[in-house]
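Now for the letters of each chain:
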Amino acid sequence: SDWSGRVLDIVRRVNAITSSESAKTNAKITALDGVVLTLKEENASLKKLLTEKMDRDDKRTRDLQKMLLAIATKVDAEVELFEDEEDKDQQVE
């Protein structure tokens, strides 16, 4: 399926999880962890796609692809930072 549709699916999942009044905290944490994993996988495929299919002819297209690649790289860095923090928190407990 197309990437933008999968991104919308991630947004819907997060919305459903965070707006659920009845869900217990542990269930929300497990569900959000799953979303993070999905996001990491989708992000990796996006970076691969952008790297392999960088437009050589049109500057505007290439600029937009580079911007998307920069965003994807930033997402990776944020996820890593968060996971490092989580690891530290778990070692403290």
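Analysis parameters
Residues numbered from 1 in each chain as written. Predicted model: local features only at pLDDT ≥ 70, side-chain atom pairs only at ≥ 80, totals over all residues. Heavy atoms only, no water. Helix = DSSP H or I, 4+ residues; strand = E, 2+ residues; numbered from the N terminus. Rg over C-alpha atoms; globule rule 2.2 N^0.38 Å. Buried < 20%, exposed > 50% of the residue type's maximum accessible area, 1.4 Å probe, protein only. Contact = heavy atoms within 4.5 Å. Areas by Shrake-Rupley, 256 points an atom, 1.4 Å probe, with all protein chains shown as cover. Lys, Arg positive; Asp, Glu negative; His and termini not counted. Charge placed at Lys NZ, Arg CZ, Asp CG, Glu CD. Expected span 1.5 Å × (residues − 1). Patch = residues over 30% accessible without salt bridge, like charges linked within 9 Å, V, L, I, M, F, W, Y side chains within 5 Å. Salt bridge = Lys/Arg side-chain N within 4 Å of Asp/Glu carboxyl O.

What the chain contains, in helices and strands, is three helices and zero strands. The N-to-C order of helical and strand elements in the chain reads α-α-α. Taken against the 2.2 N^0.38 rule, which gives 12 Å for 93 residues, the C-alpha radius of gyration of the chain at 16 Å runs more than 25% over that of a compact globule. Principal-axis analysis of the C-alpha atoms places the extent of the chain at approximately 50 × 30 × 15 Å. Taken over 93 residues, the chain has a buried fraction of 13%. Taking the intrachain contacts of the chain between residues at least 6 apart in sequence as the baseline, contacts between residues at least 24 apart amount to 47%. Split by element, the accessible area of the chain, about 7200 Å² in all, is 57% carbon and sulfur. Put simply, the chain has 16 plus and 21 minus side-chain charges, and the middle of one group is 6 Å from the middle of the other.

Relative to the 50 Å expected for 34 residues at 1.5 Å per residue, helix H3 (residues 59-92) spans 50 Å between its end C-alpha atoms, a close match to the ideal helical length. Buried residues along H3 sit in contact with helix H2 (25-52).

For the rest of this paragraph, the subject is a nonpolar patch on the surface. On the surface, a cluster of nonpolar side chains totalling about 330 Å² of accessible area is made up of Leu 64, Met 67, Leu 68 and Ile 71. In this fold, Ile 71 is placed in helix H3. In this structure Ile 71 comes out as partly exposed when scored by relative accessible area, which is 45%.

What follows concerns the side chain of Asn 43. Locating Asn 43 in the fold gives a position in helix H2. Not counting residues within four places of it along the chain, the set of residues in contact with Asn 43 comprises Ala 72, Val 75 and Asp 76.

Let's shift gears to the pattern of salt bridges. Taken as a whole and assessed by the stated rule, the structure comprises seven salt bridges. Between Lys 40 and Glu 83 there is a salt bridge whose closest N-O contact spans 3.1 Å. Of this pair, Lys 40 sits in helix H2 while Glu 83 sits in helix H3; the two residues are 43 residues apart in sequence, bridging distant segments of the chain. The exposure class of Lys 40 is partly exposed, given its relative accessible area of 33%. When its relative accessible area of 26% is taken as the criterion, Glu 83 is described as partly exposed.

Everything listed here is a matter of geometry and, on its own, says nothing about what the molecule does.
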